[in-house]
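Structure assessment
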Amino acid sequence: MELVREALASGFFRKTDTAIIIHDLDALEAGFTALGAVFPPTTLTAVAVKANPLPPLIALLAKRGAGAEVASLPELRLALAAGVPPERIVFDSPAKTREELREAVRLGVHVNADNLDELDRLAELTAEPGMPEISAGLRINPQTGLGRIRATSVAGSYSKFGVPLQERPRIKAAFARYPWLHGLHVHVGSQGCPLDLLVAGSAAVFDLAEEINREQGPGRISLFDLGGGLPAAYRETDRPVTARTYMIALAARCPELFSGAYRLVTEFGRVLHAPCAVAVSRVEYVKRQPGHRTAILHLGADAFVRECYNPKFWPHQAVALDPNGVEKKGKTAIWHLAGPLCFSGDFPIRQARLPRIEPGDLVAIRDAGAYALSMWSRYNSRQIPRIIGRRNGRFSVLREREDPMDVVRFWLGSGER
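Our subject in this report is the structure included herewith. This structure is a prediction, so every number in the text was calculated from the model and none was measured. (Residues numbered from 1 in each chain as written. Predicted model: local features only at pLDDT ≥ 70, side-chain atom pairs only at ≥ 80, totals over all residues. Heavy atoms only, no water.)

For strand S1 (residues 19–24), a buried count of six out of six residues is recorded, marking the element as mostly surrounded by other parts of the structure. Judged by which residues are buried, S1 turns out to be covered on both faces: Ala19, Ile21 and His23 on one side and Ile20, Ile22 and Asp24 on the other are all buried. The sheet contact formed by S1 and strand S11 (residues 277–282) spans five bridges and is antiparallel. Bridge assignment links Ala19 to a residue of S11, and that residue is Ser281. Sheet topology places S1 next to strand S18 (residues 386–391); five bridges connect them, and they run parallel. The residue of S18 that forms the bridge with Ile22 is Ile388. (Buried < 20%, exposed > 50% of the residue type's maximum accessible area, 1.4 Å probe, protein only. Helix = DSSP H or I, 4+ residues; strand = E, 2+ residues; numbered from the N terminus. Pairing = 2+ DSSP bridges.)

Have a look at this one:
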């Protein structure tokens, strides 16, 4: 836990901080470089903003050539504010309004339509004076099956996302009708999707792309969006699908996808961000009851929503540290790590095997870079902790800790400030 010790020693993890999130920015940059090296150089690596919306992280990646996958107008604004050029932004959402579509098209953002009615709305914009040429794709549900986590799988026979692949005639008719529609988009799920499912989903939609190009002319579809879905390794025993393994398997099944006829887009988020941050909480109290040892932390379901509600599928590893950030040693026992919120399921980790924990110690939760801060819950109106990053041996504050009045202003709303 070198990051924690250094943050304490440098004064960036202050005595007043009950919790902190630390990002390894060198690891994030290295991960992005490695991910980009797997795919053809013309590929747009549009990092999912939903995984981690911190503007300094978006900006860091944008300087390395990253794009941004956004799923709301505020995410679009975050990407633009962080310096992502509009032409490197991909707008995905199943509920885009006419106003949101107009704004995206006006800016020159690529839009992945989620349904055929959305294409009709885009078509209406082409008649508006001064509107630039539309860049759009259509999301297809490949209907190839679900992964082991149903809540994050989107390629079953039914899904709220995309146009079902079985509606082939209507999909082809849309491409015949709209000349500005030039892309296809597919995503099968996030975490819990095995290699064969990832490949099957992309391959099914790629076969459709090839079919449309044969029937409507070469290059009718020139952009293919592979979505995201590569898993992170949360357990020490996890051996997740890697980007290179995925690319090799996909190239074996669909070699034409890498022929240069298509511009590829990827939308990975979790696999890039998750391993690059650690969340650290001070231990406020320790409770001992017959058969149970519980450490009360300052991070719970506010930061780890999925982990608390569905720990089977969202496990994390924890490390016990002394107040100076040194890893504790000695005989281990089973500990419950409980959060500060007022409901009985608020346990980021149950039954962690750790050395003896005392009040004032620290608990570090690994792999907290994705879908932690971005899913922050306002239940009990807890403050978002200080968030720092280390790059080239130096720390900086990425987001300052909220004070109580920041939370008051949040609930009052912008009109009452």
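Further remarks concern a positive patch on the surface. Taken together, Arg288, Arg293, Lys331 and Arg353 make up a surface patch of like positive charges. Along the chain, the position of Arg288 falls in strand S12 (residues 285–289). (Patch = residues over 30% accessible without salt bridge, like charges linked within 9 Å, V, L, I, M, F, W, Y side chains within 5 Å. Areas by Shrake-Rupley, 256 points an atom, 1.4 Å probe, with all protein chains shown as cover. Salt bridge = Lys/Arg side-chain N within 4 Å of Asp/Glu carboxyl O. Lys, Arg positive; Asp, Glu negative; His and termini not counted. Charge placed at Lys NZ, Arg CZ, Asp CG, Glu CD.)

With five of seven residues buried, strand S15 (residues 332–338) lies mostly within the body of the structure. Bridge analysis of strand S13 (residues 292–296) against S15 gives three bridges, and the strand direction is parallel. Each bridged residue has a counterpart across the sheet, and for Ile296 the counterpart in S15 is Ala338. In this sheet, strand S16 (residues 349–355) lies alongside S15 in antiparallel orientation, the contact comprising five bridges. Looking at S16, one finds that Ile334 is bridged to Arg353.

Here the focus is the pattern of salt bridges. Side-chain pairs of opposite charge can arise whenever the charged atoms involved come near each other. With the rule as written, the count across this model stands at 24 salt bridges. Glu6 serves as the salt-bridge partner of Arg390, at 2.6 Å between the closest nitrogen and oxygen. Here Arg390, found in strand S18, pairs with Glu6, found in helix H1 (residues 2–9); they are 384 residues apart in sequence, far enough to count as distant. Residue Glu6 is classed as partly exposed on the basis of its relative accessible area, which comes to 27%. The partner of Glu167 in a salt bridge is Arg170, and the shortest N-O contact between them spans 3.0 Å. The class of Glu167 is partly exposed, set by a relative accessible area of 24%.

Among the nonpolar cores identified, the biggest contains 67 residues, and Leu119, Leu122, Leu138, Leu184 and Phe224 are the most heavily contacted of them. In this view, Leu122 contacts Leu101, Val105, Val111, Ala113, Ile134, Ala136 and Trp180; residues no more than four positions away in its chain are not counted. Judged by nonpolar contacts, the second largest core, of 40 residues, contains Ala19, Leu57, Ala318 and Leu373. (Core = buried A, V, L, I, M, F, W, Y, C linked by side-chain atoms within 4.5 Å. Contact = heavy atoms within 4.5 Å.)

As a further point, take the packing of aromatic side chains. According to the stated counting rule, one finds eight aromatic pairs in the structure shown. Where Phe206 meets Phe224, the ring centres are 6.0 Å apart and the plane angle is 80°; that geometry is what we call edge-to-face. Residue Phe206 is found in helix H8 (residues 195–216), and its partner Phe224 is found in strand S9 (residues 223–225); the two are separated by 18 residues along the sequence. The exposure class of Phe206 is buried, given its relative accessible area of 2%. A centroid spacing of 5.0 Å and a plane angle of 80° characterise the contact between Phe410 and Trp411, whose relative ring orientation is edge-to-face. Its relative accessible area of 39% is what places Phe410 among the partly exposed residues. Put simply, the rings of Phe206, Phe224 and Tyr262 touch in pairs and so form one group of aromatic residues. Its guanidinium or amino end placed over the ring of Trp314, Arg306 lies 5.2 Å from that ring's centre, counting from NZ or CZ. For Arg378, the ring lying beneath its charged end belongs to Phe410, and the centroid distance is 4.4 Å. (Phe/Tyr/Trp six-rings, centres within 6.5 Å; stacked < 30°, edge-to-face > 60°. Lys NZ or Arg CZ within 6 Å of the ring centre and 35° of its normal.)

Inspection of helix H7 (residues 168–177) places Ile171, Lys172, Ala174 and Phe175 among the buried residues, and these make up the whole buried set. The buried side chains of H7 occupy one side of the element, clustering within an arc of 155° when seen end-on. Facing away from the buried surface of H7 by more than 90 degrees, the exposed residues are Pro169, Ala176 and Arg177. (Arc of directions from axis to C-beta.)

With that settled, consider the sheet that holds S1. Strand order in the open sheet formed by six strands is S14-S17-S11-S1-S18-S19, and the pairing between neighbours is mixed. What marks the edges here is a single partner per strand, and that holds for strand S14 (318–321) and strand S19 (394–399). Within the sheet, the average angular offset between the axes of one strand and its neighbour, ignoring direction, is 25°. Pairing geometry for S11 and strand S17 (residues 362–365), over four bridges, is antiparallel. Bridging across to S17, Ser281 finds its partner in Val363. On top of the sheet, helix H2 (residues 25–38) reaches S1, S18 and S19; it is set at about 65° to S18, its chief contact. (Axes fitted to C-alpha atoms, helices over the stretch in contact; angles between N-to-C directions.)

So far we have only geometry, and geometry alone does not tell us how the molecule works.
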